[in-house]
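Fold and geometry: a report
Each chain is listed here by its residues.
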Amino acid sequence: MRAFSYERASSPQAAAQAAMARDNAKFIAGGTNLLDLMKLEIETPTHLVDVNGLGLDTIEETDAGGLRIGALVSNTALAADERVRRDYGVLTRAIVAGASGQLRNKATTGGNLLQRTRCPYFYDTNMPCNKRAPGTGCSAIEGFSRSLAAIGGSDFCIATYPGDMAVAMRVLDAEIETVDPDGETRTIPIADFHKLPGETPEVENELRPGELITAVTLPASVGGRHFYHKVRDRSSYAFALVSVAAIVNEDGTGRVALGGIAPKPWRDETAEAEMPNGASAVMRRLLADAKPTEENQFKVPLAERTLAAVLSEAKG
Amino acid sequence: MKREHNGGITRRDLMIVGAATAATYAFPKVAYGQANVEAPASGEALKALDASLKSEVSFTVNGTARDIAVDNRTTLLDALRETLQLTGTKKGCDHGQCGACTVSVNGRRINSCLTLAVMHQDDEITSIEGLGTPDDLHPMQAAFIEHDGYQCGYCTPGQICSAKATLEEIRAGIPSHVTADITGPIEASDDEIRERMSGNICRCGAYSNILAAIKDVKGQNA
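Cut-offs used in this document
- Residues numbered from 1 in each chain as written.
- Chains lettered and ligands numbered in written order.
- Predicted model: local features only at pLDDT ≥ 70, side-chain atom pairs only at ≥ 80, totals over all residues.
- Heavy atoms only, no water.
- UniProt positions renumbered as here; feature names shortened; annotations may be inferred.
- Helix = DSSP H or I, 4+ residues; strand = E, 2+ residues; numbered from the N terminus.
- Buried < 20%, exposed > 50% of the residue type's maximum accessible area, 1.4 Å probe, protein only.
- Contact = heavy atoms within 4.5 Å.
- Areas by Shrake-Rupley, 256 points an atom, 1.4 Å probe, with all protein chains shown as cover.
- Salt bridge = Lys/Arg side-chain N within 4 Å of Asp/Glu carboxyl O.
- Axes fitted to C-alpha atoms, helices over the stretch in contact; angles between N-to-C directions.
- Parallel < 35°, antiparallel > 145°, perpendicular 65-115°, else oblique.
- Left-handed = near helix turned anticlockwise from the far one by under 90°.
- Nonpolar A, V, L, I, M, F, W, Y, C, P; charged D, E, K, R; others polar.

- Within an unreviewed UniProt entry, the label attached to chain B reads Aldehyde oxidoreductase iron-sulfur-binding subunit PaoA, and the organism entered is Jiella avicenniae.
- The record held by UniProt for chain B lists under Catalytic activity (unreviewed entry) the comment "an aldehyde + A + H2O = a carboxylate + AH2 + H(+)".

- The name that an unreviewed UniProt entry assigns to chain A is Xanthine dehydrogenase family protein subunit M, with the source organism given as Jiella avicenniae.

1. Looking at the overall build of chain B
- Helix and strand content of chain B: seven helices and five strands.
- If you list the helices and strands of chain B from N to C, you get α-α-β-β-α-β-β-β-α-α-α-α.
- Looking at chain B residue by residue over its 222 residues, the buried ones come to 47%.
- Long-range pairs, those at least 24 residues apart, make up 52% of the contacts in chain B with a sequence separation of at least 6.
- About 10,700 Å² of surface is accessible on chain B, with carbon and sulfur atoms providing 50% of the total.

2. Focus: the UniProt feature "domain: FAD-binding PCMH-type" (unreviewed entry) in chain A
- Mapped onto the present numbering, the UniProt feature "domain: FAD-binding PCMH-type" (unreviewed entry) falls at residues 1–223 of chain A.
- Between the end C-alpha atoms of residues 1–223 of chain A there is a gap of 47 Å, over a span that is 28% helix and 16% strand.

3. Brief notes about the pattern of salt bridges
Residue and element names in this part refer to chain A.
- What the rule picks out here adds up to 32 salt bridges over all chains.
- Linking R267 and D173 is a salt bridge whose minimum nitrogen-to-oxygen distance equals 2.9 Å. With R267 in the loop between β11 (254–259) and α11 (269–272) and D173 in the loop between α9 (165–171) and β6 (175–179), this pair connects stretches of sequence that are 94 residues apart.
- By sharing partners, the salt bridges in this structure join R170, D173, R255, R267, E269 and E272 into a single network.

4. Thoughts on the packing of helix α12 (residues 279–286) of chain A against helix α13 (residues 299–315) of chain A
Residue and element names in this part refer to chain A.
- Following both chains from N to C, one finds α12 and α13 inclined at 140°, their axes separated by 9 Å at the closest point. Between α12 and α13, the crossing angle belongs to the class labelled oblique. Judged by the twist between their axes, the crossing of α12 over α13 is right-handed. Contacts from A279, S280, V282 and M283 in α12 reach A303, E304, L307, A308 and L311 in α13.
- Taken together, the residues of the contact of α12 with α13 sort by class into seven nonpolar, one polar and one charged.

Below, the structure is given as structure tokens:
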């Protein structure tokens, strides 16, 4: 790990200012992804701004009938919250499908949104990778791509967004609240938060320099039955090959987003309209633009079958 | 290359030397503050640089107050093992994948390898040494011995810390991936225990005996 200086921030805006004041500064909250990457010298910040002392660790009800989740609420606390379990079951299910108990105790709501890809070439500093070292090329497109994106990638990068929590937040229409160094706040719909790689795969989200996530808000409950089905190589503690976050209503309508298959949680509201017509009708639209590699083409039928399983369970 | 000499060494020299032989130099190889890379590394500047890379932190470990000064890079795991000589907590993968380093911080189990010591000001840390002693074993330690829940023993401190937390998390109603009804009470079934222990890897494969040990302790508490 490279050496770095360290400070504890005193307020969200002060944290944003501290991160802005230096080149190559990063926020640290749970640290479970950042420190892993720092040990491998994939991340090499020279200054860390510790945001753990900022509060931001409560879940409050909003005037709109939803929930406002502080950015520092742990994955465990969020999954176990009584209101989340009752009204946003897809979110609890998604969180507990990810990582291990130890990691979920440390990982935070804000940090989890910023989790970086698990592409093996991103992790291997001996290999070209446009996300880690822009301009060096993508090793994955012609390489081992079994776990990587079948849709949404580009000629520059086919990394997948690895998280589960954000996939559930996508079907719930969550919004991300931030503060910048000037104290300005803004709200970013989760649909716009994660970026597709295009020609700049190193730009993974909408955040500007110094901007700090302070909370994630959920709109009022939309009811329905909530599902998160995750297909992976082992039954626990593994990243998704494909995951399906879904809310299914009595009349067969609903919402669906996919994880593990794209550079961001993958949802298309026009495809969703096909839910009463079954999984293949949905996937024909949702994955119409899929460009899988030979190694990951299995993900396209796997996504359809996983949704079919969800819809079948919803009927039964 | 033009070099400004100040005390015989410039920061650029330091970086070059540091990059080649990082292990033998106390100074970091990092370019600290990109704008200042060319600044001469005077004695004072070096002292300030060095000081900025270390921090003091105070926390309690197994009930004892500890004040330590560490390089900012020091993980909680390394602080426990190297700084405080509490070597019960083990370093396995050092990347949060194996669970050998599991300790409790403020009542929640975490991977001590994936957190910095300086991030734990005022925290209460419990390592395997804080659970029991050879003469007064924690019930989970006794159960691991009774059920032969290990072979080489390297992952065992992490397994025991995690096992204790697993039963506490079930009692606290925290749902898991295998919980059928996430709105209801949770039964400490074999599947629940297995799922919750999936962050602790045992290369010897003592899993069935670890499960038996945890079930034994669950029964004692019931």
